[in-house]
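# Examining the three-dimensional arrangement
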Amino acid sequence: GAVVSQHPSRVICKSGTSVKIECRSLDFQATTMFWYRQFPKQSLMLMATSNEGSKATYEQGVEKDKFLINHASLTLSTLTVTSAHPEDSSFYICSASPAGLETQYFGPGTRLLVL
Amino acid sequence: ILNVEQSPQSLHVQEGDSTNFTCSFPSSNFYALHWYRWETAKSPEALFVMTLNGDEKKKGRISATLNTKEGYSYLYIKGSQPEDSATYLCAGRPNTGNQFYFGTGTSLTVIP
């Protein structure tokens, strides 16, 4: 149980295009989902907290117009990197927490390369 | 934001050795501490959730302790095996929200 999927696992795109990454909780309802970014040899950096049916809460320094987050249902959150640039190339990973539980379950991550 | 730090950054041990690593965090606004194990090409896997000062948790050969007054947690692995090779992450949750802030991880390699 407690499986989180993330799609795509890897994406290469041209500079200026937008990329959407999906995060799904497959066997539980997630009232809260988190989006992280990992730079090479660094830790997971929290980008935003996504609550079902409401606006995401972004961490300081994360551009909300650049990284659009939508949590339309209890099992799906999406992160859209708009007008991607090479500096957006990174590893993006989501996690989901079931209602009332402290534990978060992670997806496998998405490797984004912007050319 | 919770500033979480881990040490050492990497560790190489022989099979059968026991080892431990440290996670430190500010004790002033602490709510909970999580430990995760992250194997290459897999999703991070939750090991422990710890909230109370003095908490001790165990899962097989892996155990963890928590000291909220001084702001640290130790993760212990007894009799390390090659399959224990992974990056071990800790994440702190402050008492002001439901966000998690990760340390940089300890990369463990167990040499057969």
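To keep things clear, this report deals only with the structure shown in the data block. (Residues numbered from 1 in each chain as written. Chains lettered and ligands numbered in written order. Predicted model: local features only at pLDDT ≥ 70, side-chain atom pairs only at ≥ 80, totals over all residues. Heavy atoms only, no water.)

## Structural notes on the pattern of salt bridges
Residues and elements named next belong to chain B. Within the structure shown, the criterion is met by 6 salt bridges over all chains. The residue Glu39 makes a salt bridge to Arg37 at a minimum N-O spacing of 3.2 Å. When its relative accessible area of 24% is taken as the criterion, Glu39 is described as partly exposed. A relative accessible area of 10% means that Arg37 is categorised as buried. (Salt bridge = Lys/Arg side-chain N within 4 Å of Asp/Glu carboxyl O. Buried < 20%, exposed > 50% of the residue type's maximum accessible area, 1.4 Å probe, protein only.)

## Some thoughts on the sheet that holds strand S3 (residues 19–25) of chain A
Residues and elements named next belong to chain A. A sheet is described by the order of its strands in space; here 4 strands give the open sequence S1-S3-S8-S7, paired in antiparallel fashion. At either margin of the open sheet sits one strand with a lone partner, and together these are strand S1 (4–7) and strand S7 (67–73). With direction set aside, neighbouring strand axes in the sheet form an average angle of 15°. Bridging between S1 and S3 involves 4 bridges; their strand directions are antiparallel. Within S3, the position partnered with His7 by the bridge is Glu22. (Pairing = 2+ DSSP bridges. Helix = DSSP H or I, 4+ residues; strand = E, 2+ residues; numbered from the N terminus. Axes fitted to C-alpha atoms, helices over the stretch in contact; angles between N-to-C directions.)

## Observations regarding the interface of chain B and chain A
How large an interface is tends to be reported as the accessible area lost when its parts come together. Listed by partner, the interface residues are 19 residues for chain B and 18 residues for chain A. Interface area, chain B with chain A, both sides summed: about 1,500 Å², of which 58% is carbon and sulfur. Three residues, Trp38(B), Phe100(B) and Phe102(B), lead the burial of chain B against chain A; their summed loss comes to 32% of the area buried on that side. Seen at the junction of chain B and chain A, the total is 5 residue pairs in polar contact (both at pLDDT 80 or more). Where the side of chain B that touches chain A is concerned, the elements lending two or more residues are strand S4 (30–38), strand S5 (45–50), strand S9 (86–94) and strand S10 (101–102) of chain B. Among the elements that line the side of chain B that touches chain A, the one with the most residues is S4(B), at 5 residues. Counted by class, the side of chain B that touches chain A contains 12 nonpolar, 6 polar and 1 charged residues. (Contact = heavy atoms within 4.5 Å. Buried area = accessible area lost by both parts, 1.4 Å probe. Polar contact = N/O pair within 3.5 Å; in protein donor to acceptor, adjacent residues only side chain to side chain. Nonpolar A, V, L, I, M, F, W, Y, C, P; charged D, E, K, R; others polar.)

## Quick look at the state of the cysteines
A complete count under the given rule lists 2 disulfides over all chains for this structure. What pairs with Cys23(A) in a disulfide is Cys94(A), and their sulfur atoms sit 2.0 Å apart. With the S-S dihedral at roughly 80°, the linkage between Cys23(A) and Cys94(A) falls on the right-handed side. Taken together, the residues span a long stretch of sequence, with Cys23(A) in strand S3 and Cys94(A) in strand S9 (residues 90–98) at a distance of 71 residues. Classification of Cys23(A) as buried rests on a relative accessible area of 0%. For Cys94(A), a relative accessible area of 0% puts it in the buried group. In this model Cys23(B) forms its disulfide with Cys90(B); the gap between the sulfur atoms is 2.0 Å. A torsion of 80° about the S-S bond marks the disulfide between Cys23(B) and Cys90(B) as right-handed. With a gap of 67 residues between them, Cys23(B) in strand S3 (residues 19–24) and Cys90(B) in strand S9 connect regions that are remote in the sequence. Cys13(A) forms no disulfide, and the closest cysteine sulfur to it belongs to Cys94(A), at a distance of 18 Å. Given the relative accessible area of 9%, Cys13(A) is considered buried. (Disulfide = S-S within 2.5 Å.)

## Some points on a nonpolar patch on the surface
Residue and element names in this part refer to chain A. A contiguous nonpolar patch, built from Ile12, Leu113 and Leu115 and spanning about 310 Å² of accessible area, is present on the exposed surface. Turning to its location among the elements, Leu113 is positioned in strand S11 (residues 110–114). We classify Leu113 as partly exposed; its relative accessible area is 39%. (Patch = residues over 30% accessible without salt bridge, like charges linked within 9 Å, V, L, I, M, F, W, Y side chains within 5 Å. Areas by Shrake-Rupley, 256 points an atom, 1.4 Å probe, with all protein chains shown as cover.)

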